[in-house]
Each structure stands twice: as structure tokens, then as C-alpha cells.
Amino acid sequence: MSTSDSASTSTEIERYTYDVVVIGAGGSGLRAAIEARARGLRTAIISKSLFGKAHTVMAEGGAAAAMGNVNPKDNWMVHFRDTMRGGKFLNNPRMAELHAKEAPDRVWELEAYGAIFDRTADGKISQRNFGGHEYPRLAHVGDRTGLEMIRTLQQRIVALQQADSYEFGDPEARIKVYAETTVTRLLKDGSGRIAGAFGYVRDTGRFVLFEAPTVILATGGIGRTFKVTSNSWEYSGDGHALALLAGASLMNMEFVQFHPTGMVWPLSVKGLLVTESVRGDGGVLRNSEGKRFMFDYVPDVFRAQYAETEEEADRWYTDPDNNRRPPELLPRDEVARSINAEVKAGRGTPHGGIFLDIASRRPAEYILSRLPSMYHQFKELADVDITKEPMEIGPTCHYVMGGVEVDPDTAAASVPGLFAAGEVSGGMHGSNRLGGNSLSDLLVFGKRAGDGAADYLSSLGGAKPVVAQADLDAAVAEALEPFSREVGESPYEVHAELQQTMNDLVGIIRRESEVRDALAALEKFKERAKTLAVPGERAYNPGWHYAQDLRNMLLVAECVAMAALEREESRGGHTREDHPAMEPEWRKVNLILTLDGDKIDMVHQPLPVIRPDLLDLFDISELKKYMTKEELAGHREAAALEEGH
């Protein structure tokens, strides 16, 4: 029997039945599962890696929530304003509003679950400064906040299982984790409703079918599509692709955030993220000439909020009420572009980055107490002592603002029974995400997705969708297809070339000719992907895993490139060198992508209108920089503006 025959013959499928399947075991997935379980639903959590190894642990700085613990002037309205400004007003305003209002309750709830936050002198949850946030707003645990969040949510899952063990005699009666399991297809019934999820167990290759009327996508981002990324190996755009293939829509996939501070040297830590907390706690950016260059790059729209001299910027750390913020704390897209400009101008480090220096600015004891993970990580992995020397850093692919189009209140996608939360969903962050908003986003919309799934399930009554056998057979055949040929393309090689193409042609700075070249290259990659050959059997076969992931990465890459070519302006995480201005007309446009057979379709969709009460939170002079005169007609100052003309 040949290896391909051996891989293909055993097609038994393990079947499980649940009320809701959560794909992803990071912050949003666990919070969604907790809520679904609280609503009485039998819930499965599917983790691509080991339970507890979700990428959420890499979020170091904190969770943004306007609790006002450090500065009582902070409130949800200020947080909403900062979020909209950071996203360049392309955010879904309802999502930004819900997030700003509900984030404090979700953080306090996390504390009630057992999270151990750093404290202020009077015992409140400590909050630190971060780029784009007007006040200290990030609830944190040193620089290990994401790790503490996952630990706490995991422990909550275990506590619920213990309660179920006591009540039902089975700890997995209402919530079970399936570790190292990958979903390759969402399955629907004849009327287009979600009916289940098909996949395989990674270590054995066994096929599994989860029959469930609701699926919550919580799969994170798309970083593996790019060569240099802070993202872990799981981030191959699985949820984005599963949603597309199931008939849902993606939005604004051109907006990819390149975190300004990923290590570029030594090679052992290349791409590893340096938390924004380093800058929030006093770190500064210098070029190869030793100049603190960010003062040269403050955009006009932010000039009133940021210091013009080093002296004022340094005073801000101890007297923020009477001084403006350091320009190192501009939103991430601005900082990343500024670093890129310095390197292109020949003022970069020997390894193509710039210097991030906190060693000369803060005592070693302060750095060790505030940034313990940063210190130990780089000391152990690269022998870089951040208390004694600057770090060589540069932009690295970090986060995608685009994602599955969802209803803000319920997290529901356009396919009945499908929900999405966290990085895989779109709309919340507009064109650029503020640091710290991701962790609170996970909690706010993870909970809402769990509630949305429960409400949808109630609406079904007793009639649950059923998986069609033909669709299940097709999913099995698709998964086995790479074993069907003895000779063909290597998934490793195609993946490596895809990453290089996206990095070179659809990276931090885009040009029409280069994006067109990328789209042409993607067409060739898609043809090569049809001839992938994987030797061996399904058990312990990383080549097979790569082949499954590659389908998703190719879909996501095409969506990113198509939208990047279409949006002829520069905004947030999307910079077009040939269209450098931010255009008010483009601010009103969401780019919506759907799949029709093998072809991706794209349409323009109007952005939701900002309610007058939310619009009135901004000074009209600021909004004039982003919006058309017609859009501003509902503002309280509109009449005065008209008289001024």
C-alpha cells in the first residue's frame, strides 16, 4: 500500500453534538464560551494549539478601559473619542461606543474571576499610558497582561467544569476543550444556516465533525501571510477564510497594522514584539545619529495634543495635566511610518531599524519592576540587556483591522448561526487599532458573541440545522486531496514565496504597480496550490498542516491585495505612496469582500452614520479634517460653521 493510499483509506469521522462551537481558545473565544455556558448551552472550544498557548498571551501592555483609576478625568466618552481618532473615523461607531462603555465592567469581571492586576497606591487597579490614549487607561499586570488574561479565563473554564462535575457527574457536560484540532470547513444545511464544523486532530490526523447550529469564530489574525510578523504560527487567517468559504463577508482587509517596535536584531529575536509599554514608561526612539526624530513626524491632525520639544515631552510623564504627550506615543500607524521614513532616508541602524532607548532614561530597578518580561525575554533569547543598551527595532506585521463583517450588538455574521469576535472580526478599530484596545475588545465582544449565539439558538426552537452528507464528503475529499499525488508542489515553498511577495509588494508602503504585481503572483500561487503534494500519513504530518493553512492564507492575501489596490488614499494601516492624502470621500466607504465560486468579489458599502450625540463629542474643527460638509450637518456647531463660511 502506498503512503498516499494509506493516508486516504481511513476516513472514519468522530462525531460530536453541541449547541455552540467556539473556534479559537484565545481571549475572545474563552470569554464567548464562558458566556455561552452561562446561558446553559453545551459548548465546545476548539484550540488549534495546546490549551493555554493562544496568541493572546503575547499582548503585554494591558487592557484599555476608562476606569479613571489613575486620572479621574477619564470616561467612556474620552475613550470613544480616542478610538475613533486612532481609527481615522473609519470605525463602526456603534462598536466603538459599546467597547468604550463596557470595557471597565469586563475588566472588573476579569478581576472577580481571579486576575491579579498591578495596583495603585490606594489599592485600585493600576493603569498605564499607551499610544493614542489621552489618559493612563491600560489595566495591566506588569508586561504580562495577556498571559494573566488567558490564565484567568482558563481557570474560569476549569471552575465551571468543576461545578458541572458536581451537578452532572461529568466535568465536560456543558463545556469541553478540544486541543490541537483544526477546522477546515464550516458546514450548512439546505437553507444556508450553520449546521456544523469539520476538521481534524493535528497529532493523529483523525477527522472530526462537530454538529452544532451556532459557530463562533475567535481565530485571531493573518500574520503568517507576511514574512516578518509578531504573530505566532496559528495566525494563518483560518477564521477569515472559513467565513468567506461559508458565504459571509469580510470588510476593509487592506488595513494591516505594522507594530512600530518589533526587534530587527539579533536574529534570534527578529520580529519579536517590544511592548508599547516601553515607550509609555519613558522609552524614546532615536536614529543612527542619536536624534529623537519623532518630533519631525507629528501630523497636523495630532499637533495640538503632542509636545513640540523634548523638555515638554519629558515633563509630561510627571505632570500630564500641564504638558503635552511625547510624540513616541502617537498611534501605531504614525510611528511605524515615521520609522520607515528614517530608515529609507539612510538614518537607520546597521540592521535596518532604529533604536528604542529606555536604558539611558530610567534606572535599572524601574525597568525591572515595570517591564520584567521584556528584560528576561531579550536577555535570555538574545543577550540584550534593556537596562544597559538600546534595542534595534522596526515595524513588524502585527494585527489586521479588517475582518468578518458582524452586527455590533450581537457579533452575528451574515450567515445565520455564524458569529465572530476579536481580531477575526472587522469594524471595531477602523483603519488602525490603538494599543490596549485589543484585550478589552476580546472581552467585550467575546461576551456579546456568546450572548448572540444563545439568542439565535433560542430563535430556532427545536428545529436544528442538519449537515448534508454530500457536503461532509466534499470536506473530507478536500482535506485528503494533497495526498492524492506522488509528485507536486511543496506547501513550504509556496508559503515562503507567498510571505516574501506580501512583505515586498503589499507591506507597510503600497504602490499601484507593486500591488498589481502581487495580485498577478497570487494567481500563480493559486495554480501551484492546486498541485500540492504531501508525502506520508495524516498523523504527525506538518506538511499536511501547511497545505491546509495555505488555502486560507492565499484567500486572505488576495483580499488584502485587492482592497489595497482599490482604496486610493492613505489612512491608518494602509499607506499608498501614490495616493498619500487621506480623502473625506473614502472615509465613507467600507470595502466588502465575498467569495463567488473561486472568485473574490468586492463592493463599496456606506459606512454607518455616526449618531448626532456621538458626533457632538468632537469639536467640529477636528471633524472638518476627516469629514465632508454634508456629514457635519448634524453636528451641534454646524450652524456656526455655516455662518463662518
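How each quantity is defined
- Residues numbered from 1 in each chain as written.
- Predicted model: local features only at pLDDT ≥ 70, side-chain atom pairs only at ≥ 80, totals over all residues.
- Heavy atoms only, no water.
- Helix = DSSP H or I, 4+ residues; strand = E, 2+ residues; numbered from the N terminus.
- Buried < 20%, exposed > 50% of the residue type's maximum accessible area, 1.4 Å probe, protein only.
- Areas by Shrake-Rupley, 256 points an atom, 1.4 Å probe, with all protein chains shown as cover.
- Core = buried A, V, L, I, M, F, W, Y, C linked by side-chain atoms within 4.5 Å.
- Contact = heavy atoms within 4.5 Å.
- Pairing = 2+ DSSP bridges.
- Phe/Tyr/Trp six-rings, centres within 6.5 Å; stacked < 30°, edge-to-face > 60°.
- Lys NZ or Arg CZ within 6 Å of the ring centre and 35° of its normal.
- Axes fitted to C-alpha atoms, helices over the stretch in contact; angles between N-to-C directions.
- pLDDT = per-residue confidence, 0-100.
- Expected span 1.5 Å × (residues − 1).
- Parallel < 35°, antiparallel > 145°, perpendicular 65-115°, else oblique.
- Left-handed = near helix turned anticlockwise from the far one by under 90°.
- Nonpolar A, V, L, I, M, F, W, Y, C, P; charged D, E, K, R; others polar.
- Salt bridge = Lys/Arg side-chain N within 4 Å of Asp/Glu carboxyl O.

On to the overall build of the protein, then. Broken down by element type, the protein carries 20 helices and 20 strands. Each principal axis of the C-alpha distribution contributes one length, and for the protein these read about 75 × 55 × 55 Å. The 645 residues of the protein split such that 62% are buried. As presented, the protein carries roughly 23300 Å² of accessible surface, and 51% of it is formed by carbon and sulfur atoms.

Nonpolar side chains in soluble globular proteins generally cluster together in the buried interior. Among the nonpolar cores identified, the biggest contains 129 residues, and Leu-186, Leu-217 and Leu-418 are the most heavily contacted of them. Considering every element that reaches this core, the biggest residue donor is helix H16 (residues 542-566), with 14 residues. Other than its neighbours up to four places away in sequence, Leu-186 contacts Ile-23, Ile-194, Gly-196, Ala-197, Val-215, Leu-217, Leu-242, Ala-246 and Leu-418. Membership of the second largest hydrophobic core comes to 26 residues, among which are Leu-285, Leu-356, Tyr-375 and Met-391.

Turning to the pairing of strand S20 (residues 599-606), a few remarks are in order. Relative to S20, strand S19 (residues 589-596) is paired through eight bridges, and the arrangement is antiparallel. Bridge assignment links Leu-593 to a residue of S20, and that residue is Met-602. With antiparallel pairing between neighbouring strands as the criterion, S19 and S20 make up a hairpin whose turn holds two residues, including Gly-597 at a positive phi of roughly 70°.

To continue, consider the packing of aromatic side chains. For the coordinates displayed, the defined rule picks out 18 aromatic pairs. Ring centres of Tyr-16 and Phe-210 lie 5.6 Å apart, and the angle between their planes is 25°; this geometry places the pair in the stacked category. Here Tyr-16, found in strand S1 (residues 13-17), pairs with Phe-210, found in strand S10 (residues 207-211); they are 194 residues apart in sequence, far enough to count as distant. Judged by relative accessible area, which is 1%, Phe-210 ranks as buried. Centre to centre, the rings of Phe-207 and Trp-544 are 6.3 Å apart; their planes meet at 70°, and the pair counts as edge-to-face. Here Phe-207, found in strand S10, pairs with Trp-544, found in helix H16; they are 337 residues apart in sequence, far enough to count as distant. Phe-207 sits in the buried class, given a relative accessible area of 0%. Taking relative accessible area as the criterion, Trp-544 reaches 0% and is therefore assigned buried. Grouping aromatic residues by their ring pairs yields a cluster made of Trp-76, Phe-80, Phe-89, Phe-618 and Tyr-626. Lying across the ring of Trp-76, Lys-101 places its NZ or CZ 4.7 Å from the centre.

What follows covers the sheet that holds S1. Taking strand neighbours across the sheet as the criterion, the four strands line up as S1-S10-S9-S8 in an open arrangement whose pairing is mixed. Every other strand in the sheet has two partners, leaving S1 and strand S8 (181-188) as the edge strands with one partner each. For this sheet, the mean inter-axis angle between neighbouring strands, taken without regard to orientation, is 25°.

The next thing to look at is the sheet that holds strand S16 (residues 391-400). Read from one edge to the other, the open sheet built from four strands follows the order S13-S16-S15-S14, with strand pairing classed as antiparallel. Strands with a single pairing partner mark the edges of an open sheet, and in this sheet they are strand S13 (256-265) and strand S14 (284-286). Averaged over neighbouring strand pairs, the angle between their axes works out to 50° when direction is ignored. Relative to S16, S13 runs antiparallel, the two being bridged by seven bridges.

All right, on to the confidence of the model for the protein then. Of all residues in the protein, 97% have pLDDT values of 70 or greater, and the mean over the chain is 92. Counting contacts from residues 1-6, a segment whose pLDDT is below 50, to residues more than four positions away or on other chains yields six contacts.

Here the focus is helix H2 (residues 27-38). Compared with an ideal rise of 1.5 Å per residue, which puts 12 residues at 16 Å, H2 spans 17 Å between its outermost C-alpha atoms and is within 8% of the ideal. Turning to H2, its buried residues number three or more, namely Gly-27, Ser-28, Gly-29, Leu-30, Arg-31, Ala-32, Ala-33, Ile-34, Glu-35, Ala-36 and Arg-37. Gly-40 lies just past H2 and shows a positive phi near 85°.

Looking now at the packing of helix H14 (residues 491-505) against H16. Across the interface, H14 lies against H16 with an axial gap of 9 Å and an inter-helix angle of 25°. Between H14 and H16, the angle is such that the two are roughly parallel. Considering the relative orientation of H14 and H16, their crossing is left-handed. Along its contact with H14, which presents Pro-491, Tyr-492, Val-494, His-495, Leu-498 and Met-502, the element H16 presents Pro-542, Gly-543, Tyr-546, Ala-547, Leu-550, Met-553, Leu-554, Ala-557 and Val-560. Its residues assigned to classes, the contact of H14 with H16 comprises 13 nonpolar, two polar and no charged.

All told, the structure shown has 70 salt bridges when counted by the stated rule. The salt bridge partner of Glu-585 is Lys-588, with a shortest N-O separation of 3.1 Å. Via salt bridges that share partners, Arg-31, Glu-35, Arg-39, Arg-106, Glu-109, Lys-447, Asp-451 and Asp-455 belong to a single interconnected network.

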